[in-house]
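Structural overview for review
Now for the letters of each chain:
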Amino acid sequence: MTPAQLHYTSAPPGPDGSGFRFTAVSPGVPQGVLREAEQLIGYEPPRDFPARPDAEQLKGFPKAFSFSELSDGGRLLSRSVYTGVDYSGRWGNFHAHALHLPPGTRLPDGALPITAWESPRWADTTPPDGRPAPIDRFEPSGLLRTEGLVAFAVSRAGWLAPFFADLRAVAEDPGTGQIVLVEHDSADVAQWIVLACTVLPREQAHRLTFTTYTRRPQQARQQIVGALPSSEQVAPDHRYRVHDCTGRPPSEPVTDTLAEVYARIWLAARPDLLRDSGDGLGPLTVAALTAGIELRPDARAAAARWAAGNALPEATLTALIAGLCAAGESDEEEAAALVSLWERLDGRVPTAVSAPLAARVLTSAVRGGGPVPALRAGSLTPATHAELARDLAPALRAGVADTGRPADGRPLALLRVADLLDVDCQDLLPGLAERLARALVAVAPDELSAVAEEQPVGHPAWRAPETAVPSAPGVGTPALLDAVRDHPALRIALFAALDALAAADPRGAARPLAGSELPVQLPPAFPHLRMCVLTEPAREGDRLGRFHGLLRTGGVSPHADTAVLRTALDLVWPGELPTGQEASLLLNELGSDLHRAAGTRDLLIEAALAAPPDDPDIPVLAADLLRCFGTELRHGQRAALLLLEFAGLLGTPGEGEDWVGRALSLRTGAGEPVPEPVTDRVFEALGRRLMRPDAPESELYALARSDEPALLAAYERAGRSDRVGDRLRTVPSYVAVCFCAWSAFPGSSTAWDETSSALLTKVLRPIVKALPAEDLAEVEVALGRAGRGKLDAFRTWNRPGKLGRLAGRLSGRGRRGEQGAPWPGDLEPPHRGGPR
């Protein structure tokens, strides 16, 4: 079936009237189509063309070749040409010859509409008999041959990619606007439309509407609108994408990768690739690179990504890799895509095929600063290996020595590459190892040197910072572990640096290194590092056992290397001090000479001087320290340790005499402030000892006259304790002892008067008021033995009355048996009146 035809021009009067009218129409064309076609096939000559052209000038007028969509879904392909004068001799006539394609139909042989441009089948006049001759095919115009289109594309190189980008946008969504092409010749617009159809999918090319010329572009309905410079101007906006090919080409880069590839393919005179490469960016970029066409980095990345996911013949792969490797510098996207392609091919294709890509990937990573691929020895051919070693040696050495990057990242990866290429970096290993060690333990070198050189372990000022240091990201990572296992020289240098850091700050090194997989068991041994890596988490329990276990882990006796003693102590007692028992065992088991040589003597001394009062083993530790380091102690340290030793002797046969005087004399003569824990321990011990029944009156007198607030406060706390209160309630004779003591020596000092008054009023009086009559009588008997004055003073102080005796009888307390003399150190109440 041949398409229906329409002819339209200015004609003499006839059955359909005169002037512009349809002069020939194939049978069956609906009237609605005719009315709509009349709006599409009109022609206005350019304003700047001759008003009365001759025959030769008429040939230069633009031709309005249009393909338009009709409201019924059909299409109208038309050709309108200027003919000059009409039948009456008036200027301004044109002739339109059109084909109507109902919905679902196409041109004969399925030809694209644009291929009918200037076909001999188009008529410039109405058929004489008024009957259009059937058209069974269109012979294409010679203007649309490939050679001419390539030449045209080259002449429009600056507009190609922007045009293709707008074309893709309009074809995918017709609502995005229209493309306006400004050319001097409508034939050039026709060539643009041919170029458009070569890059569009076939179905979209059949639906693409266009016109090669109009004087009023804003009134055109087609997707591509051709215009002359003299046509009405159209301002570029969201409705119109204007490409004025009579001026300067656009300078903005095109972001549409596929459009840019289309342009390069036409400029390379390979439009056949558009037909043979299939759909999609990936296959097209692979075909272009294989054909030797240079592409942008984003297009090369697309080719590499597509090739990585599809099986390609070896010859195609070889050509593709050659195209990828012949390109310029890679951006980050392309570099990642090339790595993916290389990883997909390495070991799966012959090395001769993949080696150039491996070289490209490696060179790009080394020189461009990107991620360094993990090449195998078999990834390169001997020639490629030698070439890379020669070209990359300076960059590799500079990268390994680069102090501006984390050592456990890029420098370490570049060292692996240098080893692969046999580039000598032995002289750079010490510096790299030092930076690696600092990165792993995250310790500033100036802090370490200050701690290590100025303050020995155990000095009161020696305490490594407790700030939380996050584990270094390289610890235990495969890259680092592989490096230390496979590179003996780096391992030795790194472990030596880590060992020095671990010796200077064991806790700081153990935080990131403990539990890592660093192969510290490999020879040679680095004891400090081994202890930090293999240390177990701190836990409650046998810390001395853990201490000895760490020494065994280090593999070096502290007698051979005293520094391991400091490391073990710091790991087992991080930021804290040994207890008195632990410190004594450390001293006696290892010996004073070892602690003296290791610089841990002051740690043991501090353990004694800073110990809490409830540690019962401190006096023994003080005695051991005095025995072992007596001649080395500062005067203040010696005085403090003597005070601690004295505190342990109170209440024992070795306590001696003049307790208060001796304690105060040692503290005053120390020459420096005695640590507060030491003073507290001694005064608390003195307070408890003076509260016992057998406390000598001379010591109480010394206490009263001492006017020492801290000592008197400790004595008062002892008097207010539950132990003293319980004994006062159950042992009447102890009531008499306390009354005698607390009422003695009035006026000795203001502080004593306040302390004794507080004890009598707040402690003794409430207890005495609650005593049963029998116990109160025993108190008076005991006071009578102490002297008539004591008993009278007590009765005056107590002022017993009926109410008090009634309260005692109603308290329900039973009679306690008379107690014998208390044993030394015994402040516990007797049990049911039995022996103590």
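Structure: above.
Before going further, it helps to examine the overall build of the protein. Each helix and strand counted, the protein has 38 helices and nine strands in total. Taken against the 2.2 N^0.38 rule, which gives 28 Å for 836 residues, the C-alpha radius of gyration of the protein at 53 Å runs more than 25% over that of a compact globule. Seen along its three principal axes, the alpha-carbon backbone of the protein occupies a region of about 165 × 75 × 45 Å. In the protein, buried positions account for 50% of the 836 residues. Considering only intrachain contacts with a sequence separation of at least 6, the fraction spanning at least 24 residues in the protein is 68%. Accessible surface computed for the protein: about 38100 Å², of which carbon and sulfur atoms make up 53%. In the protein, which carries 86 positive and 104 negative side-chain charges, the distance between the mean positions of the two groups comes to 6 Å.

A packed helix pair is summarised by two numbers, namely the angle formed by the two axes and the spacing between the axes. Closest axis-to-axis distance for the helix α32 (residues 709-719)/helix α35 (residues 750-770) pair is 10 Å, and the angle between their directions is 10°. The angle between α32 and α35 places the two elements in the roughly parallel class. Along its contact with α32, which presents Leu712, Tyr715, Glu716 and Gly719, the element α35 presents Ala751, Trp752, Thr755, Ala758, Leu759 and Val763. Grouping the constituent residues of the contact of α32 with α35 by class yields seven nonpolar, two polar and one charged.

Moving on: the pattern of salt bridges. Under the criterion given, the structure shown has 50 salt bridges. Taking the shortest distance from any N to any O, the salt bridge between arginine 79 and aspartate 124 comes out at 2.6 Å. Separated by 45 residues along the polypeptide, arginine 79 in strand β4 (residues 75-85) and aspartate 124 in the loop between β5 (91-101) and α3 (146-155) bring together distant segments of the chain. For arginine 79, a relative accessible area of 6% puts it in the buried group.

This part covers unusual backbone geometry. With phi around 65°, aspartate 109 is a residue other than glycine that occupies positive phi space. Along the chain, aspartate 109 turns up in the loop between β5 and α3. At alanine 269, a position not held by glycine, the phi torsion is positive, near 60°. By relative accessible area, alanine 269 is classed as partly exposed at 40%.

Here the focus is the layout of surface pockets. In this structure, the largest pocket spans a volume of roughly 780 Å³. For the largest pocket, the lining is made up of 29 residues, of which Cys197, Thr198, Val199, Leu200 and Arg202 are closest to its centre. Elements supplying a minimum of two residues to the lining of the largest pocket: α4 (157-172), α5 (186-199), α6 (202-207), α7 (257-267) and α8 (272-276). With four residues, the single largest contributor to the lining of the largest pocket is α5. Taken together, the residues of the lining of the largest pocket sort by class into 17 nonpolar, five polar and seven charged.

Right, let's talk about α5 for a bit. The terminal C-alpha atoms of α5 lie 21 Å apart, and with 14 residues this matches the ideal 20 Å at 1.5 Å per residue to within 8%. Counting buried residues along α5, 13 of its 14 residues qualify, which places the element largely inside the surrounding structure. Capping the start of α5, aspartate 185 holds a side-chain oxygen 2.9 Å from the backbone nitrogen of alanine 187, two or three residues further along.

For the rest of this paragraph, the subject is the pairing of β5. Judged by how many residues are buried, β5 sits mostly within the fold: nine of eleven residues are covered. Alignment of strand β1 (residues 4-14) against β5, held across six bridges, turns out to be antiparallel. The residue of β5 that forms the bridge with histidine 7 is histidine 97. Here β4 runs beside β5; their pairing, made up of ten bridges, is antiparallel. Within β5, the residue paired with valine 81 across the bridge is histidine 95. From the end of β4 to the start of β5, which pair antiparallel, there are five residues, and glycine 89 there has a positive phi angle of about 90°.

Let us now look at the environment of threonine 212. Following the sequence through the fold, threonine 212 ends up in the loop between β7 (210-211) and β8 (224-227). Distance in space between the C-alpha atoms of threonine 212 and alanine 190 is 5.9 Å, their sequence separation being 22 residues. If we ignore the near neighbours within four places in the chain, the residues touching threonine 212 are Lys63, Ala64, Phe65, Trp117, Ser186, Val189, Ala190, Ile193, Gly226 and Ala227. Within polar-contact distance, the side chain of threonine 212 engages the backbone oxygen of lysine 63 at 2.4 Å. Polar side-chain contacts of threonine 212 include one of 2.8 Å to the backbone nitrogen of phenylalanine 65.

Here β8 shows a buried face lined by Ile224 and Gly226 and a second buried face lined by Val225 and Ala227. Pairing of strand β6 (residues 178-182) with β8, which is carried by four bridges, proceeds in the parallel orientation. Each bridged residue has a counterpart across the sheet, and for valine 182 the counterpart in β8 is alanine 227.

Turning to the side chain of aspartate 499, a few remarks are in order. Topologically, aspartate 499 is positioned in helix α19 (residues 488-504). A distance of 2.8 Å separates a polar side-chain atom of aspartate 499 from the backbone nitrogen of leucine 529. Discounting residues that sit within four places of it in the chain, aspartate 499 has contacts with Phe526, Pro527, His528 and Leu529.

Counting residues in hydrophobic clusters, the biggest one holds 225 residues, and the most contacted among them are Phe164 and Trp742. Counting residues per element, this core draws most heavily on α5, at ten residues. The next biggest cluster of nonpolar side chains, apart from the first, holds 21 residues, and it includes Phe22, Phe61, Ala98 and Leu228.

Take the state of the cysteines next. Taken as a whole, this structure holds zero disulfides when the rule is applied. Just so you know, cysteine 738 is unpaired, no disulfide at all, and the nearest cysteine sulfur is the one on cysteine 740, 9.4 Å from it. Looking at cysteine 738, the relative accessible area reads 3%, which means it is buried.

Take the environment of alanine 51 next. With respect to the helices, strands and loops of the structure, alanine 51 is situated in the loop between α1 (31-40) and α2 (55-58). Of the residues examined, alanine 51 reaches a relative accessible area of 61% and is grouped as exposed. In this structure the C-alpha to C-alpha distance between alanine 51 and glycine 92, which are 41 residues apart in sequence, comes to 8.4 Å. With residues up to four places along the chain from it excluded, the contact list for alanine 51 reads Tyr82 and Trp91.

Let's shift gears to the packing of aromatic side chains. Tallying each qualifying case throughout the model produces 25 aromatic pairs. Ring geometry for phenylalanine 49 and phenylalanine 61: centres 4.9 Å apart, planes at 70°, overall edge-to-face. Of the two residues, phenylalanine 49 sits in the loop between α1 and α2 while phenylalanine 61 sits in the loop between α2 and β3 (64-69), which places them twelve residues apart along the sequence. What makes phenylalanine 49 partly exposed here is its relative accessible area of 24%. The class for phenylalanine 61 is buried, based on a relative accessible area of 3%. Measuring from centroid to centroid gives 5.5 Å for phenylalanine 152 and tryptophan 192, while their planes differ by 80°, and the two rings are edge-to-face. With phenylalanine 152 in helix α3 and tryptophan 192 in helix α5, this pair connects stretches of sequence that are 40 residues apart. Residues phenylalanine 152 and tryptophan 192 agree in their burial class; the two are buried. Taken together, the ring pairs in this structure connect Tyr8, Phe20, Phe22, Tyr43, Phe49, Phe61, Tyr82, Phe94 and Tyr213 into an aromatic cluster. Cation over ring: arginine 727 sits above tyrosine 734, and NZ or CZ is 5.4 Å from the ring centre.

So, how was this worked out
Residues numbered from 1 in each chain as written. Predicted model: local features only at pLDDT ≥ 70, side-chain atom pairs only at ≥ 80, totals over all residues. Heavy atoms only, no water. Helix = DSSP H or I, 4+ residues; strand = E, 2+ residues; numbered from the N terminus. Rg over C-alpha atoms; globule rule 2.2 N^0.38 Å. Buried < 20%, exposed > 50% of the residue type's maximum accessible area, 1.4 Å probe, protein only. Contact = heavy atoms within 4.5 Å. Areas by Shrake-Rupley, 256 points an atom, 1.4 Å probe, with all protein chains shown as cover. Lys, Arg positive; Asp, Glu negative; His and termini not counted. Charge placed at Lys NZ, Arg CZ, Asp CG, Glu CD. Axes fitted to C-alpha atoms, helices over the stretch in contact; angles between N-to-C directions. Parallel < 35°, antiparallel > 145°, perpendicular 65-115°, else oblique. Nonpolar A, V, L, I, M, F, W, Y, C, P; charged D, E, K, R; others polar. Salt bridge = Lys/Arg side-chain N within 4 Å of Asp/Glu carboxyl O. 1 Å grid on protein atoms, 1.4 Å probe; cavity = no way out; pocket = protein on both sides within 12 Å on 5 of 7 lines; lining within 4 Å. Points joined across faces, edges and corners; volume = space filled by probe spheres on them. Expected span 1.5 Å × (residues − 1). Polar contact = N/O pair within 3.5 Å; in protein donor to acceptor, adjacent residues only side chain to side chain. Pairing = 2+ DSSP bridges. Core = buried A, V, L, I, M, F, W, Y, C linked by side-chain atoms within 4.5 Å. Disulfide = S-S within 2.5 Å. Phe/Tyr/Trp six-rings, centres within 6.5 Å; stacked < 30°, edge-to-face > 60°. Lys NZ or Arg CZ within 6 Å of the ring centre and 35° of its normal.

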